[in-house]
Amino acid sequence: MTDERKAYYWLHTSGLSLRRRHALLEIYGAPSEIMADLGSEKLREFCGGAYDEMLRRADENVLNEELYGLRRKGLRLLVTGHPGYPEKLAACEEYPPHVLYCKGNTELLGRPTLAVVGSRASTDYGRRVAGEWAAELSGTFVIVSGHATGIDTYALRGALDAGGSVICVLACGHDRFDMPEFLSAAGDRALVMSAYPPGFVANKFVYHERNRLLSGISDGVLIVEAGEKSGALITATAAAEQGKPLFAVPGSVNSTRSAGTNGLLRNGATAATRPGDVLEDMGYEKGCAAEEMTFTGERATVVELLREGDKHFDDIAAKLGKSAGETAELLGEMEMEGIVERKMMNNYSLLVR
């Protein structure tokens, strides 16, 4: 890890709020410059009660020991401004987290993503829609959700059961999350990420930040079922502020558990009555005519291979002679362009005729 990335980690775990960390960076320009000025009275006054701990942890040996401990836990750190950090998050958020703690396949962040969220207190209707729709939409998108029981869990399970991939966004440190078996068994089809370091315990004040992160890494947001005070409405607000497409599933006018989603529809969210509504509104229309498109290079190779029939990801990678990461990036682009479709068990089919 470079010295600048290490300095970002130090600042991120300083005890200062997200906005105060951003304010410091506006003054100093880089975290290493903040570290270099640790002896100043100006910085001591700005940091208040966090200053003494910041000073203690600025020691190289302390930081190296902490970072080694994170690696032993299987955590990878994505640092703002460095490779791997999700560009779509940096582009839409005024105050993005400086460090993301990730366990699993970070390459999923670069693929088309859709947040599917809703209330903990869900109905059978909501849970069924979450699971079934996530399963179908996972053929096009990596499904992003939280870790709450209810809609979030059903969305993640539905996508994984259908052979899709998921990103679970935590509101706590990884060691404060009891990883369910269906997630831990997903292998490279799952990423569990948090903007909070190990040891951090979720509280009611961090869900606003967590839900902005959940929306920020997604290309669109689907609210399945939510009451009037559901935390999922925070995600909906974040999506609107970040310029993300926002969809809501209509619910019974007699159900208080659909009052939030019905309110979103009244205030301008797009109604989704089937998964195809989301796909079409986000530009993933199927059935483009082959003669209208010209393929060259690697795209032509993929198209010709899939004309023979559906192929597994590994077969496509072998045909291309590319690494898994390079192949995933290419197929992700072709999915966005409506050329191919990802199906169950990591198989791909051709959408053009």
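Residues numbered from 1 in each chain as written. Predicted model: local features only at pLDDT ≥ 70, side-chain atom pairs only at ≥ 80, totals over all residues. Heavy atoms only, no water.

- Identification of the chain as DNA-protecting protein DprA from Candidatus Protoclostridium stercorigallinarum is taken from an unreviewed UniProt entry.
- Turning to the chain, the UniProt annotation filed under Sequence similarities (unreviewed entry) states: "Belongs to the DprA/Smf family." (UniProt positions renumbered as here; feature names shortened; annotations may be inferred.)

Things to note about the UniProt feature "domain: Smf/DprA SLOG" (unreviewed entry) in the chain
Working step 1: Feature annotation in UniProt assigns "domain: Smf/DprA SLOG" (unreviewed entry) to the following positions: residues 77-282.
Working step 2: What you have in residues 77-282 is 34% helix and 18% strand, and the ends, taken at the C-alpha atoms, are 31 Å apart. (Helix = DSSP H or I, 4+ residues; strand = E, 2+ residues; numbered from the N terminus.)

Comments concerning the packing of aromatic side chains
Working step 1: By the definition in use, this model includes three aromatic pairs.
Working step 2: When the centroid spacing of 4.5 Å and the interplanar angle of 15° are considered together, the rings of Tyr196 and Phe200 count as stacked.
Working step 3: Ring geometry for Phe313 and Tyr348: centres 6.5 Å apart, planes at 40°, overall tilted. Taken together, the residues Phe313 in helix α16 (residues 313-320) and Tyr348 in strand β12 (residues 347-350) connect sequence positions 35 residues apart. With respect to burial, Phe313 and Tyr348 carry one shared label: buried.
Working step 4: Positioned over the ring face of Phe46 is Arg20, at 4.3 Å from the centre of the ring. (Phe/Tyr/Trp six-rings, centres within 6.5 Å; stacked < 30°, edge-to-face > 60°. Buried < 20%, exposed > 50% of the residue type's maximum accessible area, 1.4 Å probe, protein only. Lys NZ or Arg CZ within 6 Å of the ring centre and 35° of its normal.)

With respect to helix α1 (residues 3-12)
Working step 1: With respect to burial, α1 is a largely interior element, seven of its 10 residues being buried.
Working step 2: In this structure, the buried residues of α1 make contact with α2 (18-28), α3 (31-36), α5 (51-57), α6 (60-72), β1 (76-79) and β2 (99-104). (Contact = heavy atoms within 4.5 Å.)

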